[in-house]
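Chain by chain, the residues:
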Amino acid sequence: MKKPFQYVKALLMLLFFFFSTIAFSQTTITGNITQMIDGTPLSGASVVEKGTSNGVITAEDGSFSITVSRLPATLEISYVGYSTQEVRVTNERPLTIALSTGSDLGGVTIVGSRFFNRTEVTSPLPIDNISARDLKATGQVTFDRMLNYTVPAFNSAQQTISDATAHFDPFDLRGLGPSRTLILVNGKRKNPSSLVYINDVPGKGEVGVDMKSIPAAAIERVEVLRDGASAQYGSDAIAGVVNIILKENTQDIDVNLFSGITSKGDGFQIGFNANAGFKVGENGFINVTTSYLNQEETQRANNPGKDDLFGVPANDPTFGPFLRQFPNLGMRVGQPNMKIGDVFFNGGFKVGENSEVYGLGGITTRQGKSYALYRTPYWIPTDYGLLTAPGQTYVGFQPTFETDILDNTFTAGIRGEKNNWKYDISNTLGSNLVDYTVSNSINLALAEQSPTRFKTGGYEFNHNVINFDLGRKFNRLTYFLGSEFRRENFVAKAGQQESYEGRGVQSFPGIQPSNEVDEFRNNIGVYTGLDVDFTEDFLIGGAVRYESYSDFGDNITWKLNGRYKFGGDRFTLRSSVSTGFRAPSLHQRYLSIIQTLVSGNTISNQGTFNNENPAIRSLQVPKLKEENSLNFTAGMAARPTRNFSLSLDYYRIKVDNRIVYSSSIFTDDPDTDVFKILERFQITSIKFFINAANTITQGVDFVANYRNMNLGAGRLNINLAANYNKNKLDGEIASTAPIRQAGIDIFDRKEQSRILTARPNDKVILGFDYTVGKLSAALNNTRFGEVTWQHDVDPKKDQTFSAKVITDLNVVFKFTNRLSFGFAVNNLLDVYPDVLDNKGDVVTDLGGRFRYPWEVNQFGFNGTTFTANLNVKF
């Protein structure tokens with residue numbers, strides 16, 4: 001498989017060691033930042049050497065230490081809600097700087113406003129600004145899980161027994177699936193993964209960015225735009241935009257060591273992350289992050305002691321001894337084994353007075369191992385002596401599913417200002433590769449000649465994105481325009497011959513040569529927009545974008561937004577209306593694969609046929625086209641005092657021609673076209689992608705923060721955030737005449753539930769962060785609303801899993817400004833989802849193999865996890 005960016009690994013390591021050995025003539029300035037009104041220390045204030053990108057953030061006690069190239073130097077000190085202050089420093093004596101209340105009453109945002117930043121309160125769009133401190137306070141160790149416990153509208157949970165999907169964990173915003181949220185890194189489009197989620201999980205049939213490929217230690221903050229933004233950014237930005245801002249710090253070397261384990265003694269994890277920033281001459285910087293995580297599996301399988309799926313009772317005369325030896329039917333259900341390593345960088349160098357050359361990117365490698373269904377001796381009667389040691393009784397076998405994932409993203413560009421025009425020109429390369437291996441398994445067709453380890457193929461996705469953006473202010477008018485060229489490539493590589501011969505290796509038949517793909521497409525987009533401040537308080541803005549794709553045609557989207565401020569910048573009413581679109585991914589157009597399925601005591605092979613296959617055309621399934629959306633949002637934002645802010649926003653998103661992954665299409669009627677296709681390809685069912693559904697999503701977002709409340713000898717921060725979200729179908733599901741003739745539901749109740757009820761309809765987060773002296777503690781409570789699993793045909797067999805509250809505790813003690821120790825207890829009260837009730841349908845829990853829901857999932861089922869960490873700064 002092609003790995004076009006492998007050579008950059010060596011380059012990054014050379015950069016890291018090179019810059020870590022550079023020595024400059026430097027002077028260190030120390031001091032404290034406080035409130036002018038009462039002398040209270042300000043934590044998180046920005047201290048920047050004027051005219052450079054060299055800056056630091058004050059610690060919890062308001063202290064800072066910044067190294068400058070020489071004296072005298074001018075420092076710029078800023079903090080949300082306070083006037084920015086400049087201080088000229090001529091010697092190394094410690095400073096005490098008091099800031100007064102000013103008009104900057106909200107965190108600065110970039111996403112959605114291009115060059116000209118606005119605050120959370122003054123923006124006409126709903127935006128969350130999440131700091132690295134907020135992410136770290138969750139006690140989670142991966143970025144996707146951190147977001148799950150900080151943004152109510154964002155959902156992601158650990159998957160299990162779902163092939164490669166268990167190694168990616170699909171996410172979504174507002175229940176609209178991973179395909180409809182655009183992910184940016186420093187404002188640049190992040191490549192999606194190479195994997196289509198085709199297993200029975202939320203997000204089934206979709207493609208999203210591999211959020212585990214982004215190391216949390218490299219992140220300065222995250223901006224979440226909770227509004228459609230296709231007119232600004234193009235395809236995918238229907239539910240919103242997540243913009244990840246990388247660190248620029250050029251001072252400390254920050255090293256964090258951590259380890260954890262669940263209360264059941266499994267799921268052991270150990271790892272580290274390190275972040276270091278260096279100045280490059282007088283006008284440049286580079287910030288480098290590296291991290292590693294080794295995560296072991298958890299085991300949460302049920303213990304039925306019998307197998308209703310195959311009709312084997314506990315007292316079976318032949319297999320009773322097996323059931324007594326393996327009451328859990330040999331299953332391993334839980335989080336997978338996983339090793340993650342990455343190197344990321346962010347850098348820039350000022351050229352001339354008003355321009356900067358910049359670069360950013362990183363490489364993430366991940367190896368994972370999860371498990372397929374255990375092959376019991378009454379399912380697979382023999383292993384031909386290949387997996388059972390000589391002299392041992394054959395008791396079945398447990399196939400493993402192993403992944404080797406490589407994700408890259410690299411951006412280089414130049415930005416600046418010329419003749420009052422701000423500009424940004426950049427090129428972004430990105431790729432995601434996954435190779436599959438099945439071990440501890442056999443191919444029955446090969447009998448004694450079968451290997452026990454199989455390379456079953458893999459996938460690759462690449463993109464090359466060129467952006468050119470311009471912006472200028474003309475008094476009360478802000479004008480912006482730009483273009484984007486993107487080239488995409490999707491590759492599917494066949495496995496070794498033994499993996500797909502006959503019916504293929506047990507658990508995951510290899511990708512066949514006939515399913516190999518190497519497809520490309522190009523698209524070009526141009527956009528323009530205008531914001532008009534009719535008065536200091538009243539703003540109206542708009543944008544329009546044209547896109548042309550080489551594989552399906554053209555699209556035009558537009559957006560209008562407005563904002564009115566009251567009381568200066570303390571209260572804002574805002575609203576927007578826009579159209580959006582999502583192009584069908586190359587994965588959805590060209591994916592073909594065979595899967596092994598279990599239904600009752602029947603084992604079958606199911607084929608996914610790509611959208612270009614003549615067999616699909618014979619079923620009158622049309623060529624995939626773009627999804628279209630109409631977004632509306634209205635709300636308010638306020639900062640009544642310098643420490644208290646809140647926002648409330650209503651939204652409605654209508655998506656037409658939504659691409660779905662069909663139900664299993666099968667029939668026993670030999671007179672139907674469906675039956676003829678099944679016979680021709682020797683499979684028992686088929687699936688495919690089709691524009692079949694229209695949906696309406698509406699809900700409310702609420703966010704309230706109170707910062708720096710004096711409480712006893714310390715300071716308290718309180719955060720309350722909530723999302724209520726409802727998805728529903730709009731009209732009938734589109735089908736075709738041959739499928740209707742066969743009496744088949746093209747998108748049945750079970751599949752519908754994955755886009756309607758598989759994610760919580762509501763989530764509430766209440767967090768408390770208290771700091772006193774050297775001790776800080778964060779207590780977060782997250783209420784996950786109920787989810788519902790729907791049976792494919794019988795509503796009486798549906799099951800709703802009740803809402804649950806997860807409590808997390810994170811405590812940190814600072815021995816010095818450079819050494820701290822912390823521990824976190826996630827899921828403090830050891831809460832689990834409701835237990836599965838199969839209601840007479842043995843497929844629901846696969847004959848008792850699963851204790852907890854595996855097709856709908858609120859927060860996983862690991863239970864309580866303990867983590868300790870040691871942080872050292874140099």
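These numbers were taken from a predicted model, which means no experiment stands behind them.

Caption draft 1: Expanded view of the overall build of the protein. Scanning the protein from N- to C-terminus turns up eleven helices and 43 strands. Its C-alpha atoms put the protein at 85 × 55 × 50 Å along the principal axes. With 874 residues in all, the protein has 60% of them scored as buried. Restricting the contact set of the protein to residue pairs at least 6 apart, pairs at least 24 apart contribute 69%. Working note: accessible area of the protein is about 32,300 Å², and carbon and sulfur atoms make up 55% of it. Averaged over its 86 positive side-chain charges, the protein has a centre that lies 4 Å from the centre of its 89 negative ones.

Caption draft 2: The arrangement of empty space enclosed by the protein in detail. Evaluation of the coordinates by the stated rule reveals eleven cavities of 30 Å³ or more. Contributing to the lining of the largest cavity are 32 residues, with Gln140, Arg145, Tyr149, Phe859 and Asn862 lying nearest its centre. Contributing elements (two or more residues each) for the lining of the largest cavity: α3 (143–148), β41 (804–816) and β43 (865–873). Top contributing element to the lining of the largest cavity by residue count: α3, with three residues. In terms of residue class, the lining of the largest cavity is built from seven nonpolar, 20 polar and five charged. Along its surface, the second largest cavity is lined by 24 residues, and Ser179, Arg189, Pro192, Asp236 and Glu488 are the ones closest to its centre. At the level of secondary structure, the elements contributing two or more residues to the lining of the second largest cavity comprise β13 (181–185), β24 (453–474), β25 (477–494) and α7 (586–590). Looking at the lining of the second largest cavity element by element, the count peaks at three residues for β13. Tallied by class, residues from the lining of the second largest cavity come to ten nonpolar, seven polar and seven charged.

Caption draft 3: Spotlight on the pattern of salt bridges. A full pass over the atoms with the stated rule returns 49 salt bridges. A salt bridge links glutamate 49 to lysine 279; its shortest N-O distance comes to 3.7 Å. Of this pair, glutamate 49 sits in strand β2 (residues 46–49) while lysine 279 sits in strand β18 (residues 269–280), and the two are 230 residues apart along the sequence. Exposure remark for glutamate 49: the relative accessible area of 8% places this residue in the buried category. Overall, the relative accessible area of 6% leaves lysine 279 in the buried class. Arginine 563 is the partner of aspartate 533 in a salt bridge, and the nearest nitrogen-oxygen pair spans 3.6 Å.

Caption draft 4: Inspection of the sheet that holds β13 at higher detail. On the basis of which strands lie adjacent, the open sheet formed by five strands has the order β10-β15-β16-β13-β14 and mixed pairing. This sheet does not close on itself; its edge strands, each paired only once, are β10 (127–131) and β14 (188–189). In the sheet, strand β15 (residues 219–225) pairs with strand β16 (residues 240–246) via six bridges, with the strands oriented antiparallel. In the strand pairing of β16, valine 222 is matched with isoleucine 244.

Caption draft 5: Fine view of helix α9 (residues 673–681). Those residues of α9 that sit buried are Val674, Ile677 and Leu678. Down the axis, α9 shows its buried residues gathered within 100 degrees of arc, on one side only. In α9, the exposed residues that point more than 90 degrees away from the buried face are Glu679 and Arg680. The inward-facing, buried residues of α9 contact α8 (614–618), β34 (685–687) and α10 (737–741).

Caption draft 6: Here's a closer look at a nonpolar patch on the surface. There is a patch of nonpolar side chains on the surface, built from Leu257, Phe272, Tyr292, Leu775, Phe813, Phe815, Leu819, Phe821, Phe823 and Leu870 and spanning about 810 Å² of accessible area. At the level of elements, β41 and β42 (819–826) are the ones that each hand at least two residues to the nonpolar patch. On the secondary structure map, leucine 775 appears in strand β38 (residues 775–784). On the basis of relative accessible area, leucine 775 is assigned to the partly exposed category, the value being 36%.

Criteria and cut-off values
Counting restarts for each chain, with residues numbered from 1 along the sequence as it is written. Reporting in this predicted model follows two pLDDT cut-offs: at least 70 for local features of residues, and 80 or more for side-chain atom pairs to be given and counted; totals over whole chains, interfaces and linings ignore these cut-offs and use all residues. Side-chain numbers here rest on the full set of heavy atoms in the structure, without hydrogens or water. Labels follow the DSSP assignment, with helices taken as runs of H or I lasting at least four residues and strands as runs of E lasting at least two, numbered in each case from the N terminus. Here's how the labels work: a residue is buried when its accessible area is under 20% of the maximum for its type, exposed when over 50%, partly exposed in between, all with a 1.4 Å probe on protein chains only. By definition, residues are in contact when any of their heavy atoms lie within 4.5 Å. Computed with a 1.4 Å probe, the accessible areas rest on the Shrake-Rupley method; for each residue, only the protein chains presented here act as cover. Charge convention: Lys and Arg are scored as positive, Asp and Glu as negative, and His as well as the terminal groups of each chain are ignored. In plain terms, the charge of a residue is placed at NZ if it is Lys, CZ if Arg, CG if Asp and CD if Glu. Buriedness of a pocket was judged along seven lines, with at least five required to meet protein on both sides within 12 Å; pockets are open sets of points on a 1 Å grid over the protein atoms alone, cavities are sets where a 1.4 Å probe fits but cannot get out, and lining residues have an atom within 4 Å of a point. Grid points are joined across faces, edges and corners, and a volume is the space filled by probe spheres set on the points. Each residue receives one of three labels: charged for Asp, Glu, Lys and Arg, nonpolar for Ala, Val, Leu, Ile, Met, Phe, Trp, Tyr, Cys and Pro, and polar for the others, Gly being one of them. By salt bridge we mean one thing: a side-chain nitrogen of Lys or Arg within 4 Å of a carboxyl oxygen of Asp or Glu. Strands are treated as partners if at least two bridges between them are detected by DSSP. Starting at the helix axis, one direction is taken to each C-beta atom, and the arc is that of these directions. Only residues above 30% relative accessible area that lack a salt bridge enter a patch, with like-charged residues linked at up to 9 Å and the nonpolar side chains Val, Leu, Ile, Met, Phe, Trp and Tyr linked at up to 5 Å.

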